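One letter stands for each residue in the lines below.
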Amino acid sequence: MSLLRDLTTILIFFSVLTFSYLGWGWAVSRLFSIKFSGSEKLFSLIWLGWTVTLLLLQVLNLFVPITASWSILLIVIGLILAPIFFRSNIQDTAVFLKSYIWVALTGITAVAIALLSMQASTAYDSGLYHFNSIRWLNERPIVLGLGNLHSRLAFNQSFFAFAAFLNLYPIFNHGQNIANGFLLFLLSAECLSILLRQAKTDIQASNTFMIFVIPVIIYLGLYTNISSPAPDTATYILQILIFTYFIHAIADSPTYNNDDSRMIFVFILSATAITVKLSSLAFVITISLLLLVSKLKHRHPTPKQAIINISKMLVLPTIIMMIWGLRGILTSGCPVYPSTFGCIRASWSVPPELVKNVANVIYSWARLPREAPEKVLSSWNWLEPWFHTEILGNKLLFVYPLIAAGLCLILCVFASMRGSHLKTMNKYLFLLPIPILMGLVFWFFTAPSVRFAQALVLMFPIVSVVILTSLLERSGKLGIGVLIVLFLVINLNIVSVVWQNPQPLIEISIRSFRPVKTVRLIQRTTLSGLEVFSPKKDDQCWDSELPCTPEFREELEFDDNIIFPEFRLVLRE
């Protein structure tokens with residue numbers, strides 16, 4: 001009975017959140033004159049609602065903890081707004097509800113994701129700082145200098161606000177089991193809608209990406225521990241989503257009347273992705289710049305009008321980035337921690353040498369774990385062991401996709417040379433690999449661990465297929481058989497991974513929510529008399545009582561203010 005109860009709870013959350021975010025998305029789209037049309041309207045509004053409520057949670061937490069009362073209030077407001085959308089958009093909604101196959105497949109997908117979401121949280125970083133970050137959000141308004149307690153708590157990843165929101169703290173406390181699962185469910189439902197629509201019409205290259213990415217989504221559900229509140233998984237999902245809308249914007253740019261709205265939406269998603277995890281920075285900025293260039297080149301506005309139009313597009317993304325940067329300054333003194341760029345000097349600021357040390361540890365560990373950062377970062381000697389461990393050690397999920405992408409791009413070159421319809425093809429499609437390449441370059445020079453670039457690498461061959469199918473479509477050589485062969489070849493690596501490691505399928509939860517791991521803590525006292533918990537072994541606090549840190553510092557002091565409580569380090573000579 002407990003399994004059925006918890007499964008039903010997750011499915012209710014999926015449904016309620018979907019309708020609530022739809023209501024929020026509709027209201028914000030009206031407020032900022034963002035006009036969606038066609039089959040993508042419903043999902044675009046839901047995603048928009050999610051980004052806006054995530055922003056509101058971060059603003060609220062500047063003054064109050066994220067408790068059940070605030071969570072329920074935001075959900076209810078969205079649910080009140082949703083019927084207003086349905087009254088004026090009943091036809092758009094009916095398109096989905098009348099598709100019984102889509103409803104059935106979406107329902108099955110929701111159940112599968114819910115079962116995976118009930119598994120235990122096993123991600124190492126979840127024990128290190130994810131759960132602790134969420135607990136601070138639930139129990140306190142934003143804490144000045146939180147990074148002085150534990151350096152990882154200053155990472156300022158907005159995704160934790162979403163998990164804290166879902167905890168309905170202190171009533172439910174299983175937000176980590178729903179956060180990534182809901183985003184994966186939403187992306188899956190959108191992919192299924194495109195797949196079924198494509199089956200009824202001629203093959204369109206702009207929809208090929210989302211059909212080919214379905215196995216990648218299955219891989220994410222099975223192998224990224226979606227029951228953990230890890231921003232990495234949310235980042236993969238957002239990168240896939242953003243690239244999907246980027247492809248549509250590029251493919252439809254000559255004829256799409258509402259491309260301004262679509263661009264604004266991509267900019268909003270891009271800003272949100274940066275706040276979720278900084279590793280998306282180069283990828284989403286490249287996408288945004290390419291969209292701006294293609295728009296300006298197509299419309300030829302005057303300089304003054306171009307500035308006005310761009311300013312309107314950047315209003316909401318700018319607000320998102322400003323609130324995120326402000327939270328970074330308040331928790332560490334640095335807007336883009338662990339970078340020292342823009343850091344301020346305040347009583348709560350993390351000392352610059354500690355900020356640099358955190359960054360060096362991250363960059364060093366991704367290259368050569370368990371080696372001293374000063375040794376790793378002082379030369380290129382790490383490159384050979386890194387290549388053997390990270391690259392050759394991930395043949396199926398890194399080497400194979402890159403080889404497949406390369407072969408597809410070579411075929412694109414031959415197809416473009418031999419095709420007589422190249423002149424009529426949308427040349428903007430050749431821009432598609434650039435964001436992925438820029439994202440990989442950024443990844444290589446910052447933290448080149450394969451897990452940080454997984455989505456980019458798996459998307460690369462699919463992007464190549466999108467270009468290839470567009471070329472073949474123009475020359476009249478594209479058929480269902482060719483598409484199926486390409487689909488199988490591109491996703492052969494994921495089939496192999498599942499074949500070699502079916503354990504996640506076998507271990508799908510047949511019990512209720514698995515408990516979060518607990519560790520033995522010891523209590524230590526700083527020079528100021530502050531009592532702090534530390535794990536007796538290792539460096540993971542998990543969901544422990546606050547304050548907890550594996551980085552005990554005797555110089556730590558704490559002012560327990562109702563608003564803006566403050567940790568600071570008083571370094572004595």
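That block above? That's the structure.
Right, let's walk through the structure included here. (Residues numbered from 1 in each chain as written. Predicted model: local features only at pLDDT ≥ 70, side-chain atom pairs only at ≥ 80, totals over all residues. Heavy atoms only, no water.)

A few points about the overall build of the chain
- Within the chain, the secondary structure is distributed over 25 helices and four strands.
- For 573 residues, the compact-globule estimate of 2.2 N^0.38 gives 25 Å, and the chain sits close to it at 24 Å.
- Along the first, second and third principal axes, the C-alpha atoms of the chain reach 80 × 60 × 60 Å.
- Considering only contacts in the chain between residues 6 or more positions apart, those separated by 24 or more positions represent 75%.
- Charge centroids of the chain, computed over 41 positive and 31 negative side chains, lie 10 Å from each other. (Helix = DSSP H or I, 4+ residues; strand = E, 2+ residues; numbered from the N terminus. Rg over C-alpha atoms; globule rule 2.2 N^0.38 Å. Contact = heavy atoms within 4.5 Å. Lys, Arg positive; Asp, Glu negative; His and termini not counted. Charge placed at Lys NZ, Arg CZ, Asp CG, Glu CD.)

Comments concerning the pairing of strand β4 (residues 566–569)
- Of the two faces of β4, the one holding E566 and R568 and the one holding F567 and L569 are both buried throughout.
- Relative to β4, strand β3 (residues 556–559) runs antiparallel, the two being bridged by four bridges. In the strand pairing of β4, L556 is matched with L569.
- What sits between β3 and β4 in their antiparallel hairpin is a turn of six residues, with F564 showing a positive phi close to 55°. (Buried < 20%, exposed > 50% of the residue type's maximum accessible area, 1.4 Å probe, protein only. Pairing = 2+ DSSP bridges.)

A look at helix α17 (residues 352–367)
- A rise of 1.5 Å per residue sets the reference length of α17, with its 16 residues, at 22 Å; its end C-alpha atoms lie 23 Å apart and thus fit the reference within 8%.
- Within the sequence span of α17, burial applies to V355, V358, A359, S364, A366 and R367.
- Lining the buried residues of α17 we find α18 (373–376), α19 (383–391) and α21 (433–445). (Expected span 1.5 Å × (residues − 1).)

Some thoughts on the state of the cysteines
- Tallied over the entire structure, the rule returns two disulfides.
- Shown here is the disulfide that connects C334 with C343, its sulfur atoms set 2.0 Å apart. The disulfide joining C334 to C343 has a torsion of about 110° about its S-S bond and is therefore right-handed.
- Judged by its relative accessible area of 2%, C334 falls in the buried class.
- In this structure C343 comes out as partly exposed when scored by relative accessible area, which is 30%.
- Across the chain, the way the bonded cysteines pair up, counted in sequence order, is 1-2, 3-4. (Disulfide = S-S within 2.5 Å.)

Some points on the nonpolar core
- W47, F162, F165, F182, F209, F243 and L432 are the most contacted members of the largest nonpolar core, which has 176 residues in total.
- Among the elements that line this core, the one with the most residues is helix α22 (residues 454–475), at 14 residues.
- Contact partners of F162, with chain neighbours within four places excluded, come to Y21, W50, L54, L57, A179, F182 and L183.
- Membership of the second largest hydrophobic core comes to five residues, among which are L62, I142, L144 and W348. (Core = buried A, V, L, I, M, F, W, Y, C linked by side-chain atoms within 4.5 Å.)

Any link to function would need more than the numbers given here.
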